[in-house]
Amino acid sequence: MQAAQPRRPDSPQSLRKVSHRPFCLSVKGHVKMLRLVLTVTSMIFFILAQAPEPYIVITGFEVTVIFFFIVLYLLRLDRLLKWLFWPLLDIVNSLVTTIFMIIVSVLALIPETTTMTVLGGVFGLVSVVCCIADGALIYRKLLFNPSGPYQKKPTHEQKLIL
């Protein structure tokens, strides 16, 4: 029996480039996690201030959806479930979240309310900036990287009928 030889650093296996960057280490991952943290913080401030229920419900719904997308990308389910076009769903989610969070945050800031409600509104507005950045990152990836995993493969091979 031969003893297992350690791989040399210059072997082809060690020089192979990693084909994907883990979601946690990507810019998209950082922006999405920052978005989650800011939305959770906004929701916590709304809960502590006993703000109107729609503020809490909308921010709670957004936290759930953002968490869903983070789990989806962490487990790489977007590569497994190819029957849905996940980047489009993510962009639509960013746009809808932006609209809802702008409405909730501005409504929280307009009336004379408690400090906690104002802080919830401010964190909601900062979360809106992250939503816009998240949507722009995904759009830029789709626009400038058409050779990515979401490109349709050409399947129109010529068949000869005799």
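Residue indices begin from 1 for each chain and proceed along its sequence in written order. A pLDDT threshold of at least 70 governs which residues receive local features in this predicted model, and a stricter bar of 80 or more applies before side-chain atom pairs are shown or counted, although totals over entire chains, interfaces and linings include all residues. For side-chain calculations, the full set of non-hydrogen atoms in the structure is used, while hydrogens and water are omitted.

Just to check I follow, could you spell out the overall build of the chain for this structure?
Of regular secondary structure, the chain possesses 6 helices and 0 strands. The helix count covers DSSP runs of H or I at least four residues long, the strand count covers runs of E at least two residues long, and both are numbered beginning at the N terminus. Moving toward the C terminus, one meets the helices and strands of the chain in the order α-α-α-α-α-α. Counting the 162 residues in the chain, one finds 33% classified as buried. Should any heavy atoms of two residues lie within 4.5 Å, those residues are considered in contact. At a minimum sequence separation of 6, the contacts of the chain that also span at least 24 residues come to 70%. Using the Shrake-Rupley algorithm and a 1.4 Å probe, accessible areas are obtained, with residue cover drawn only from the displayed protein chains. Carbon and sulfur atoms make up 69% of the accessible area of the chain, which amounts to about 11700 Å² in all. For every residue, the accessible area (1.4 Å probe, protein chains only) is compared with the maximum for its type, and the residue is labelled buried under 20%, exposed over 50%, or partly exposed between those bounds.

Sorry if this is basic, but what is going on with the pattern of salt bridges here?
Oppositely charged side chains may form a pair once their charged atoms are brought near each other. Any carboxyl oxygen of Asp or Glu that lies within 4 Å of a side-chain nitrogen of Lys or Arg is treated as forming a salt bridge with it. Under the criterion given, the structure shown has 3 salt bridges. Here D134 makes a salt bridge to K32, at a shortest N to O gap of 2.6 Å. Residue D134 is located in helix α6 (residues 115-144), and its partner K32 is located in helix α2 (residues 27-48); the two are separated by 102 residues in the primary sequence. Taken as a pair, D134 and K32 share a single burial class, namely buried. Among the salt bridges present, the one from R35 reaches D134, with a minimum N-O distance of 2.6 Å. Pair noted here: R35 is in helix α2 and D134 is in helix α6, with a separation of 99 residues, a long-range link. Its relative accessible area of 0% is what places R35 among the buried residues.

Can you walk me through unusual backbone geometry in this structure?
It is generally the case that most residues other than glycine have a negative phi and that most peptide bonds are trans. Although it is not a glycine, Q50 adopts a positive phi angle of roughly 50°. Residue position: Q50 is located in the loop between α2 and α3 (53-74).

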